[in-house]
Protein chains: 2
Amino acid sequence: MNYRFSDTIESFKSSAVREILKLTQGRSIISLAGGLPNEQYFPTEAVKEAFARVFEQGPQVLQYGLTEGYTPLRERISQHLARKGIQAGVDQMLLTTGSQQAIDLLTRVYIDPGDVILVERPTYLAAIQVFQSRKARIVSVECDADGMNLEDLERKIRQYAPKLVYVIPTFSNPSGKAWSLERRQGTLSICKRNNVLILEDDPYGELRFGGENGETFPSLFSLDEGADGSAVLYTSTFSKIVAPALRTGWIVGDKEVIMHMTRAKQAADLHSSSMDQQALYQLMAHFDLNAHIDLIRREYEARMRQMISLLQAKNWEGVKWIEPKGGMFVWVEMPQHIDTQELLKLAVEEEVAFVPGISFYADEPQKNTMRLNFTHTSADDMVLAFDRLGRALERMEQALAK
Amino acid sequence: MNYRFSDTIESFKSSAVREILKLTQGRSIISLAGGLPNEQYFPTEAVKEAFARVFEQGPQVLQYGLTEGYTPLRERISQHLARKGIQAGVDQMLLTTGSQQAIDLLTRVYIDPGDVILVERPTYLAAIQVFQSRKARIVSVECDADGMNLEDLERKIRQYAPKLVYVIPTFSNPSGKAWSLERRQGTLSICKRNNVLILEDDPYGELRFGGENGETFPSLFSLDEGADGSAVLYTSTFSKIVAPALRTGWIVGDKEVIMHMTRAKQAADLHSSSMDQQALYQLMAHFDLNAHIDLIRREYEARMRQMISLLQAKNWEGVKWIEPKGGMFVWVEMPQHIDTQELLKLAVEEEVAFVPGISFYADEPQKNTMRLNFTHTSADDMVLAFDRLGRALERMEQALAK
């Protein structure tokens, strides 16, 4: 049999970075490369009890469910979001297999091949893949520590007439940054004026540092005037605040958009696991999720502080970073002459791994950048990881000096 | 905001049938329309225990999993399939969110817009939707009680140069039929000779009637020469033999095809619920699934026999059916002048529902057909349902006689 694959498989090609990272598997490498939440803070007992409660309802819990998702869970999420200023009812919400599926389904119902999508520079790798598989044209907008450059956004909207702008404004993957209020308002108003839809991806928004007095960041969605007719679709997930294995995300927005996505989901997989959805409902009904989120925040902040302290202590020449106000990542800029893909090869030899920044650019990658994850490495390993990274950097500088 | 949806939403339009069936919700209607397995035979206690066992492994069970799916479950499925002559290793298998997602992912990696897909006449509604959303051209092949008409298959392969043939050869949805061995071999050899890939959808194959001495039907996949290089991709699911809420299906076939599908799945949703996958592994390790399948077979066969007896007893003029050898459906052909969409409107008034055959045709629907489900209605209700159906039919004949 001579298989005749579709054009789409081109967009799913394995990257050079992924090939290098494969080398880390099964070795005693300390990885700052992943994007994993820390198992130590999974509410395992509470999730276990939640599943047991589901079974108390009888065999019908195992029957087919609604494509939209388990209604009582949608109600709970709606209440949870309302506390963050996000007003969306159950018919303005679709439950998905992680927020990744929300990106995919919106792309299916909103993007035709050749349509332009604007993204941040840098942005989330797996969103780029979805857009590419749809044969969209992806164009990066310049960004700084405060978010998207509004002038560049306006210019690119004029130049490319995009249909969609995809953003992760709060504790972004990979850059860890949080947009200022001014950039949030500016982006929303520019997009509304130009009839460009915004997909706001917010998996990390709850992981805010600084405790009670920490800075808060309103979602773009909450700055618009209600779900119906909104220029913003907002997606988030339980993966970072409860646990990823439950694969439950959600997207909220205009009723009609949600309806079209629901129909697309029906063709894609009928519905996501309703066991997980029912368990999450029981969890939200019987467990203090907000207190749990506060715990994760404190623990992740402590880990972030250790990473920043190590960066400061190492004091590598020309190395820059922005201290994140939440999330799971520190974005590091190395001196101009350091290609982090090359550095990674040496790092893997020294038994430490990270993700080279090149993976996160839709176009014109800035090759001297890297993403470091701080949530999944113990304090002792973090110290070792930075020693190893230092040795890799030293070897690279020596090689370049020759 | 003026939303600008993609062309794809056209393929997800709600059908007239769906609109009529919506009227049945929340009413005391007896529905023979659904495709639901019977909750009465869900192994609820065993599934509950399986979830409890998963949690005994510690918090890492809640972490991100592999896109391919939980490896120990793939091993178990591989062993289970081997007993049916289906030889596929863990790297020739992808776990999906129901077999519906397997259809979708294969379509993504194998079909480009405009490609032709051949299907049975009639075929599974939700597969048509997936193919349409990919802008494939769908062409029906004539079928009889033994399966696809091989001459028509060859003719249409010559005429349309299709890339894919989609079939449900064993206890089909909607027609309930099982292909003869000759048609299985013939279809496989024609497709191999013409380099046309076969997607064999087999959600019902385990629901075989007739007990120990019942007729067995080898899968097309098992008739080919091993997974790698095979002309057949084979998909099935736990939805009908364990429970649908767990949303766990699988597809097996050539390593390269599976690899491309895995990459497409990574973009689509990273992975399916690994809670469900881990629970199914525990279930298969500690529960006699084969004995459970035998139980379902016996119970469904008894229900099928009741439905066939009622059809015989009613003895409606010109009504034909084939007694199914397995599965969940009886396909009924009414006299030529009965449009079952019109009949459904009267049936709903009489408080009984079914699915008009028109939903299951990619082209030139045979309007006098209907699909009746026998797995989800009690014996008492089944009697009532046929009385009501009889009244609807009588009213229709009277109206037509005027």
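Residues numbered from 1 in each chain as written. Chains lettered and ligands numbered in written order. Predicted model: local features only at pLDDT ≥ 70, side-chain atom pairs only at ≥ 80, totals over all residues. Heavy atoms only, no water.

Our next topic: the domain arrangement of chain A. All names here are of chain A. Along its sequence, chain A is organised into domain 1 (10-42 + 291-401) and domain 2 (44-286). Tallying the contact residues gives 30 residues for domain 1 and 36 residues for domain 2. Carbon and sulfur atoms make up 60% of the area that domain 1 and domain 2 hide from each other, which totals about 3,000 Å². Along the contact surface separating domain 1 from domain 2 lie 1 salt bridge. With a shortest N-O distance of 3.4 Å, K325 and E215 are connected by a salt bridge. Linking domain 1 to domain 2 there are 13 residue pairs in polar contact (both at pLDDT 80 or more). Broken down by secondary-structure element, the contributors of at least two residues to the side of domain 1 that touches domain 2 are α11 (289-314) and β12 (329-333). Ranked by residues supplied to the side of domain 1 that touches domain 2, first place goes to α11 with 7 residues. Across the side of domain 1 that touches domain 2, the residue classes tally to 17 nonpolar, 6 polar and 7 charged. (Domains from an automatic or database assignment. Contact = heavy atoms within 4.5 Å. Buried area = accessible area lost by both parts, 1.4 Å probe. Salt bridge = Lys/Arg side-chain N within 4 Å of Asp/Glu carboxyl O. Polar contact = N/O pair within 3.5 Å; in protein donor to acceptor, adjacent residues only side chain to side chain. Helix = DSSP H or I, 4+ residues; strand = E, 2+ residues; numbered from the N terminus. Nonpolar A, V, L, I, M, F, W, Y, C, P; charged D, E, K, R; others polar.)

This brings us to helix α5 (residues 125-133) of chain A. Residue and element names in this part refer to chain A. Across the 9 residues of α5, 7 count as buried, placing the element largely inside the fold. Listed in full, the buried residues belonging to α5 are A126, A127, I128, Q129, V130, F131 and S133. Residue K135 follows α5 closely and has a positive phi angle near 60°. (Buried < 20%, exposed > 50% of the residue type's maximum accessible area, 1.4 Å probe, protein only.)

When the parts of a complex come together, some accessible area is lost, and that lost area is often used as the size of the interface. Across the contact, 76 residues belong to chain A and 76 residues belong to chain B. Roughly 6,900 Å² is buried in total at the junction of chain A and chain B, and carbon and sulfur atoms are behind 58% of that figure. Our count for the contact surface shared by chain A and chain B stands at 2 salt bridges. A salt bridge links D104 of chain A to R108 of chain B, with the nearest nitrogen and oxygen atoms 2.5 Å apart. Between chain A and chain B we count 43 residue pairs in polar contact (both at pLDDT 80 or more) in total. Those elements giving two or more residues to the side of chain A that touches chain B turn out to be α2 (44-55), α4 (98-110), α5, α9 (255-269) and α10 (274-286) of chain A. The leading source of residues in the side of chain A that touches chain B is α9 of chain A, at 9 residues. For the side of chain A that touches chain B, the per-class residue count stands at 35 nonpolar, 23 polar and 18 charged.

As a further point, take empty space enclosed by the protein. Considering all chains together, one arrives at 5 cavities of 30 Å³ or more under this definition. What the largest cavity holds in volume is close to 70 Å³. Considering the residues around the largest cavity, the lining is formed by T97, R247, S272 and S273 of chain A together with T97, L246, R247, T248, S272, S273, D276 and Q277 of chain B. The residue makeup of the lining of the largest cavity, split by class, is 1 nonpolar, 8 polar and 3 charged. (1 Å grid on protein atoms, 1.4 Å probe; cavity = no way out; pocket = protein on both sides within 12 Å on 5 of 7 lines; lining within 4 Å. Points joined across faces, edges and corners; volume = space filled by probe spheres on them.)

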